[in-house]
Amino acid sequence: MNDKQVALETAAFFDSEAARPWSGRRADAKRVIERFVDACYRGVGKAPWELDGEDLRGVLLEQLPARFEKADKLASITPELLEAYFDHLATARVVTQAFEIRQALATHAPQFEEVVKSGRLANLAAKPADPFVHKADKLGRNDPCSCGSGKKFKKCHGKDV
């Protein structure tokens, strides 16, 4: 999962009819949806439309609060915004566990707000790892082969390249 996919999912929501009521608070709503989609992919390992009730409980009570500051004001709009997001998903995708998702959202939304208010999990979300950068010099075709044969790389291990 990468940031590009999160951005695409978020943009798809804001292009939908379900996002119209949030046009006045688009910047806040965008941050919440990006955090939610990221929590689904990186935290649970599933796309938002593939969640079931238990997955959503994990996202709401563990993964998503870790992406908020202590007593973040955005936590108060999150349950209503997620309802709008799932309305969008219901029209854009096949959501097989839609009933379970709605039940879990209604059940765990107050607990989500309490966890964010307490700050118990604030900023504990795992940051994406930096890509590995190889620091060795590049071996040129006329350099001595690294196997120690004394031949040029192009005549030794580089002849098959």
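Definitions and cut-offs
Residues numbered from 1 in each chain as written. Predicted model: local features only at pLDDT ≥ 70, side-chain atom pairs only at ≥ 80, totals over all residues. Heavy atoms only, no water. Helix = DSSP H or I, 4+ residues; strand = E, 2+ residues; numbered from the N terminus. Expected span 1.5 Å × (residues − 1). Bend = angle between axes of the 7 residues up to and from the residue. Buried < 20%, exposed > 50% of the residue type's maximum accessible area, 1.4 Å probe, protein only. Contact = heavy atoms within 4.5 Å. Salt bridge = Lys/Arg side-chain N within 4 Å of Asp/Glu carboxyl O. Phe/Tyr/Trp six-rings, centres within 6.5 Å; stacked < 30°, edge-to-face > 60°. Lys NZ or Arg CZ within 6 Å of the ring centre and 35° of its normal.

J.: When you look at helix α5 (residues 98-118) in this model, what are you seeing that I'm missing?
T.: Note on helix geometry: an α-helix contains 3.6 residues per turn, so any two residues three or four positions apart are oriented the same way. The end-to-end C-alpha distance of α5 is 29 Å, a good match for the 30 Å that 21 residues give at a rise of 1.5 Å each. Along α5, the largest kink reaches about 45 degrees and is centred on His108; proline Pro110 follows within four residues of it. Within α5, burial applies to Ile101, Ala104, Leu105, His108, Ala109, Phe112, Val115 and Val116. Contact partners of the buried residues in α5: α3 (53-63) and α4 (78-92). Looking one or two places after α5, you find Gly119, whose phi comes out positive at around 75 degrees.

J.: What is the right way to read the pattern of salt bridges from this model?
T.: Side chains bearing opposite charge may pair, as long as their charged atoms lie close to each other. Enumeration over the complete set of coordinates arrives at 14 salt bridges. Among the ionic pairs, Arg25 bridges to Asp28, the shortest N-O distance being 3.4 Å.

J.: Would you explain the packing of aromatic side chains in this entry?
T.: Aromatic ring pairs are described here by two measures, namely the spacing of the ring centres and the angle between the planes. Summed over the entire model, instances satisfying the criterion amount to six aromatic pairs. Taking 5.8 Å as the distance between ring centres and 75 degrees as the angle between the ring planes, the aromatic pair formed by Phe36 and Tyr85 counts as edge-to-face. Taken as a pair, Phe36 in helix α2 (residues 26-44) and Tyr85 in helix α4 lie far apart in primary sequence, 49 residues in all. The exposure classification of Phe36 matches that of Tyr85, with both residues buried. A connected cluster of aromatic rings, assembled from ring pairs, spans Phe13, Phe14, Phe36, Tyr85 and Phe86. Between the NZ or CZ atom of Arg35 and the centre of the ring of Phe68, over which it lies, the distance is 4.7 Å. Just above the ring of Trp49 sits the side chain of Arg93; from NZ or CZ to the centre is 3.7 Å.

J.: Explain α2 to me, please; I cannot follow it from the model alone.
T.: Relative to the 27 Å expected for 19 residues at 1.5 Å per residue, α2 spans 26 Å between its end C-alpha atoms, a close match to the ideal helical length. Residues of α2 that are buried: Asp28, Ala29, Val32, Ile33, Arg35, Phe36, Val37, Asp38, Ala39, Cys40 and Tyr41. The inward-facing, buried residues of α2 contact α1 (3-14), α3 and α4.

Shape descriptors only; they carry no functional weight alone.
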